[in-house]
Amino acid sequence: MSDRRFSTLRRIPGPIWILGFVSMLMDISSEIVHSLLPMFLVAGLGASMTTVGLIEGIAEATALIVKIFSGSLSDYLGNRKWLAVAGYALGAASKPFFAIAASAEVVLAARFADRIGKGLRGAPRDALVADITPPQYRGAAFGLRQALDTVGAFTGPLLAAGLMVLWVNDYRRIFWIALVPGVLAVLLLALGVREPAKTVQSKRVNPLSRTSLRRLSGAYWWVVATGAVFMLARFSEAFLVLRAMQGGMRPALVPLVMVAMNAVYMLSAYPFGKLADSVDHRRLLVAGLAFLVLADVVLAHSGRWPAVLLGVGLWGLHMGMTQGLLAVMVAQAAPPDLKGTAFGMFNLVSGIALLAASVVAGALWQRVGAAATFYAGAVFSVLAAVLIMVRSRA
């Protein structure tokens with residue numbers, strides 16, 4: 001079993017490892033900021049929970065919506081790498097603005113720019129992974145890239161927690177540190193990855209034209225619909241941080257909540273990605289949703305730190321089981337010359353769902369309470385599982 005696992009790792013192309021380390025560095029940069037941002041908004045700038053939900057919803061939806069244009073542009077130009085480089089560069093450039101923000105509006109603008117960068121790089125990068133990797137190893141490749149990405153999502157909050165202790169809750173000083181790994185990510189991608197050669201087309205075709213979109217199959221649109229329902233069930237992770245804060249954790253320790261979630265995510269992403277190459281995808285999706293229901297119920301029941309840590313651990317397991325899997329399903333259902341567009345369209349629909357989910361989550365928290373937010377997430381998770389099972393029997 002161990003030999004087979006390492007044999008698969010050896011067959012994953014080298015550029016996938018580099019893309020994983022690029023993602024890791026940028027996630028360190030982003031998570032240093034994001035693990036502290038809800039507290040900074042509420043405690044430092046006096047923002048309401050509804051404002052936090054609105055900012056997070058707009059920011060994350062922006063990233064997902066922009067992906068359709070970057071993905072389609074990468075198909076049209078036949079180039080994915082340099083669009084990804086531009087996206088990583090914009091993400092790095094946004095970090096100083098968090099450090100100088102004097103109002104929630106400035107934070108919103110910085111988050112907006114940061115997420116435009118994420119949207120610009122996301123679909124071309126995912127399509128590049130699909131281009132580089134042989135089909136029989138795509139689950140493992142997406143899982144590996146996601147696992148390395150999540151090392152950054154684990155390390156960033158850990159660094160934030162340590163710096164909060166060292167610098168006595170100096171949010172702005174810590175935000176400046178986030179610039180360093182962001183710059184390193186840009187340099188590594190620009191210098192370390194070469195895009196595979198493609199057949200030159202005599203005439204460029206608009207990938208968003210009606211003719212092109214008709215080539216996306218019914219199976220692909222089912223994956224898109226599934227991703228949208230997932231986003232309705234899984235609102236912004238900022239609410240996990242706020243739940244820990246509400247439970248009375250010291251501010252310096254709150255980022256450890258995201259460390260716990262991302263540790264589980266990191267450890268589960270590659271094994272479940274590899275498993276996706278050999279098992280029924282729909283069953284794995286339903287199993288992932290079951291863990292999300294458990295996470296929501298635990299977090300709704302109690303805000304004390306043992307319950308919060310258990311809840312975010314279950315949330316991380318859900319992410320590890322489903323995130324890479326959805327990417328594999330998109331890659332398998334899309335024509336080779338429309339993979340960027342396919343990832344972009346998938347994320348456009350998911351982005352609209354995420355915006356709605358985060359705004360509703362913030363409003364529920366503000367007007368009813370934290371428990372209502374997580375119970376609503378559990379209800380949507382059950383609905384998503386039912387839809388998948390009905391589709392499986394059709």
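Going by the annotation in an unreviewed UniProt entry, the name recorded for the chain is MFS transporter, with Massilia pinisoli given as the source organism.

(A) Summary view of the packing of aromatic side chains. If you walk through the whole model with that rule in mind, you get seven aromatic pairs. Aromatic pair Phe40 and Phe175: ring centres 5.4 Å apart, planes at 90°, arrangement edge-to-face. Residue Phe40 is located in helix H3 (residues 37–44), and its partner Phe175 is located in helix H8 (residues 171–177); the two are separated by 135 residues in the primary sequence. Overall, the relative accessible area of 3% leaves Phe40 in the buried class. In this structure Phe175 comes out as buried when scored by relative accessible area, which is 0%. Feature note: the residues Phe40, Phe98, Tyr171 and Phe175 constitute an aromatic cluster, connected by ring pairs. Positioned over the ring face of Trp167 is Arg173, at 4.0 Å from the centre of the ring. Here the guanidinium or amino end of Arg282 rests over the ring plane of Trp222, the centre of that ring lying 4.8 Å away.

(B) Quick look at the packing of helix H7 (residues 138–166) against helix H15 (residues 305–333). Across the interface, H7 lies against H15 with an axial gap of 9 Å and an inter-helix angle of 140°. As the angle between them shows, H7 and H15 are arranged oblique. In the packing of H7 onto H15, the handedness of the crossing is right-handed. Counting all contacts with H7, which are made through Arg138, Gly139, Phe142 and Gln146, the residues of H15 involved are Gln323, Gly324, Ala327, Val328 and Ala331. For the contact of H7 with H15, the residue count by class is four nonpolar, four polar and one charged.

(C) Representation of the confidence of the model for the chain. Model confidence for the chain is summarised by a mean pLDDT of 83, while 94% of its residues fall at 70 or above. By mean pLDDT, helix H1 (residues 2–11) is the weakest element of the chain at 63, and helix H9 (residues 179–192) is the strongest at 94.

(D) Examining the side chain of Asp27 more closely. Within the secondary structure, Asp27 sits in helix H2 (residues 14–34). Apart from the residues within four sequence positions on either side, Asp27 is in contact with Asp149, Gly152 and Ala153.

(E) Here's a closer look at the pattern of salt bridges. Counted according to the given criterion, the structure contains seven salt bridges. Linking Arg115 and Asp114 is a salt bridge whose minimum nitrogen-to-oxygen distance equals 2.7 Å. Judged by its relative accessible area of 0%, Asp114 is buried. Between Arg145 and Asp149 there is a salt bridge whose closest N-O contact spans 3.8 Å. Here the residue Arg145 and the residue Asp149 both occupy positions in helix H7, the gap between them amounting to four residues, near one helical turn. Taken individually, Arg145 and Asp149 each receive the classification buried, so the pair is uniform in this respect.

(F) Spatial organisation of H15. Its 29 residues place the ends of H15 42 Å apart at the C-alpha level, agreeing with the 42 Å of an ideal helix rising 1.5 Å per residue. Taken as a whole, H15 carries its principal kink of about 25° at Met319. A large share of H15 lies buried, amounting to 22 of its 29 residues.

(G) How the structure looks around unusual backbone geometry. In this structure, Val168 takes a positive phi of about 50° despite not being glycine. Counting through the fold element by element, Val168 comes out in the loop between H7 and H8. The backbone of Asn169 sits at a positive phi, close to 60°, despite the residue not being glycine. Structurally, the position occupied by Asn169 is in the loop between H7 and H8. Taking relative accessible area as the criterion, Asn169 reaches 34% and is therefore assigned partly exposed.

Reading the values: the criteria
- Residues numbered from 1 in each chain as written.
- Predicted model: local features only at pLDDT ≥ 70, side-chain atom pairs only at ≥ 80, totals over all residues.
- Heavy atoms only, no water.
- Phe/Tyr/Trp six-rings, centres within 6.5 Å; stacked < 30°, edge-to-face > 60°.
- Helix = DSSP H or I, 4+ residues; strand = E, 2+ residues; numbered from the N terminus.
- Buried < 20%, exposed > 50% of the residue type's maximum accessible area, 1.4 Å probe, protein only.
- Lys NZ or Arg CZ within 6 Å of the ring centre and 35° of its normal.
- Axes fitted to C-alpha atoms, helices over the stretch in contact; angles between N-to-C directions.
- Parallel < 35°, antiparallel > 145°, perpendicular 65-115°, else oblique.
- Left-handed = near helix turned anticlockwise from the far one by under 90°.
- Contact = heavy atoms within 4.5 Å.
- Nonpolar A, V, L, I, M, F, W, Y, C, P; charged D, E, K, R; others polar.
- pLDDT = per-residue confidence, 0-100.
- Salt bridge = Lys/Arg side-chain N within 4 Å of Asp/Glu carboxyl O.
- Expected span 1.5 Å × (residues − 1).
- Bend = angle between axes of the 7 residues up to and from the residue.

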